[in-house]
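Observations on the three-dimensional arrangement
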Amino acid sequence: MIILDKKQLITGCIFFVMLMLAWYWSLFVVTTEEHQGDVYRIIYLHVPSVFTAFLSAFILLCMSILGLWKKSYKSVQVGLASAEVGLLFTFLGLATGSIWGKPTWGTWWTWDARLTTTFILALLYCGYILLWNSVQSNLMRIKVCSVLGIMIAANIPIIYKSVTWWRTLHQPPSIFRRGGSSMSPEILSLLLINIAIMLAIGIWLIIQRYKNITLGEDLEEESYLQIRQQEGG
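In what follows, the accompanying structure is described. Keep in mind that what you see is a predicted model, and the values were worked out from it rather than measured.

Procedures and definitions
Residues numbered from 1 in each chain as written. Predicted model: local features only at pLDDT ≥ 70, side-chain atom pairs only at ≥ 80, totals over all residues. Heavy atoms only, no water. Helix = DSSP H or I, 4+ residues; strand = E, 2+ residues; numbered from the N terminus. Buried < 20%, exposed > 50% of the residue type's maximum accessible area, 1.4 Å probe, protein only. Contact = heavy atoms within 4.5 Å. Areas by Shrake-Rupley, 256 points an atom, 1.4 Å probe, with all protein chains shown as cover. 1 Å grid on protein atoms, 1.4 Å probe; cavity = no way out; pocket = protein on both sides within 12 Å on 5 of 7 lines; lining within 4 Å. Points joined across faces, edges and corners; volume = space filled by probe spheres on them. Nonpolar A, V, L, I, M, F, W, Y, C, P; charged D, E, K, R; others polar. Core = buried A, V, L, I, M, F, W, Y, C linked by side-chain atoms within 4.5 Å. Axes fitted to C-alpha atoms, helices over the stretch in contact; angles between N-to-C directions. Parallel < 35°, antiparallel > 145°, perpendicular 65-115°, else oblique. Left-handed = near helix turned anticlockwise from the far one by under 90°. Salt bridge = Lys/Arg side-chain N within 4 Å of Asp/Glu carboxyl O.

Each helix and strand counted, the protein chain has six helices and zero strands in total. Secondary structure elements of the protein chain, listed N to C terminal, follow the sequence α-α-α-α-α-α. By residue count, 42% of the 233 residues in the protein chain fall in the buried class. Sequence-distant contacts, at least 24 apart, represent 75% of the contacts inside the protein chain between residues at least 6 apart. Accessible surface computed for the protein chain: about 13200 Å², of which carbon and sulfur atoms make up 68%.

Here it is as structure tokens:
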């Protein structure tokens, strides 16, 4: 169930139009990478998707800590929205990574350290959503989901450092690294623009999903009260 008011809808449309323009520039305008050829262009979707999955985990971490500290149910509702959006972008990152891996590595999938830890992130996001739906008590949801949310966020540094901690097929960091980025200024600038737009879309989606979660629970509670009133009458 998705409910949007006019202002939210316009904001979302602006973000998606910006994303389409950035992708058009990424696919048809920006120069071809010298070593990888045109296959490298998938980074303009792959890297922003992974960064958005990381951002979702960071928001989930903040909401989990706040939930445990303040016993705030709204915090874990935002956490659920973050986990759902994070799962979406994690799968998108894994899918685009596999598409890039086939012509580059010669295989769709390998249990590379970066891929494996990212796959674990997807499983943890799934576990958070399943845990949320299996627990009925709001107080228990705050406790168990907040603890799992912190565990999910703890996996992010492992994913990021996996290419330097272990021998891996995945290329080392090329954006944030000692000595500066290894990318050309044109490619790097466009990639950062794509990342910024995707992060904005991720935040927008989390906000909309949170509003729909609260709306759904309010409608469910109202329906329950009406049934009780009818039974009492």
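Continuing now.
Below, the discussion takes up the layout of surface pockets. The calculated volume of the second largest pocket comes to roughly 400 Å³. Around the second largest pocket sit 17 residues that line it, and Y73, W132, R141, E217 and E220 are the ones nearest its centre. Looking at the lining of the second largest pocket, the elements that each hand over two or more residues are α3 (73-105), α4 (113-134), α5 (138-165) and α6 (185-232). A per-element tally of the lining of the second largest pocket places α6 first, with seven residues. A class-by-class count of the residues in the lining of the second largest pocket yields six nonpolar, five polar and six charged.

Here we come to the nonpolar core. Formed by 37 residues in total, the largest nonpolar core has its most connected members in L121, Y125, Y128 and I152. Breaking this core down by element, the ones donating at least two residues are α1 (6-28), α2 (43-70), α3, α4, α5 and α6. At ten residues, the largest contribution of residues to this core is made by α3. In this structure I152 touches A57, L60, L121, L124, Y125 and Y128, once residues within four positions along its chain are discounted. I43, Y44, V47 and L190 belong to the second largest nonpolar core, which has nine residues in total.

Within this structure, the stated rule accounts for one cavity of 30 Å³ or more. Here the largest cavity is characterised by a volume of approximately 30 Å³. Contributing to the lining of the largest cavity are S49, V50, A53, F54, F89, T90, T118 and L121. Contributing elements (two or more residues each) for the lining of the largest cavity: α2, α3 and α4. Tallied by class, residues from the lining of the largest cavity come to five nonpolar, three polar and no charged.

Attention now goes to the packing of α3 against α4. For the pair α3 and α4, the least separation of the axes is 9 Å and the interaxial angle reads 150°. If you check the angle between α3 and α4, you find them roughly antiparallel. As for how α3 packs across α4, the hand of that crossing is left-handed. Of the residues belonging to the contact of α3 with α4, the class tally is 17 nonpolar, six polar and one charged.

Let us look at the pattern of salt bridges. Any two side chains of opposite charge can pair, given that their charged atoms come close. Under the definition given, this model contains two salt bridges. The residue R209 makes a salt bridge to E84 at a minimum N-O spacing of 2.4 Å. Here E84 lies in helix α3 and R209 lies in helix α6, a separation of 125 residues in the sequence. Note on R209: relative accessible area 28%, which makes it partly exposed.

By the secondary structure assignment, H46 is in helix α2. We classify H46 as buried; its relative accessible area is 19%. Along the backbone, H46 and W100 are 54 residues apart, and their C-alpha atoms lie at a distance of 8.9 Å. Discounting chain neighbours no more than four positions away, the residues touching H46 are G93, T96 and G97.

These figures capture arrangement, not role.
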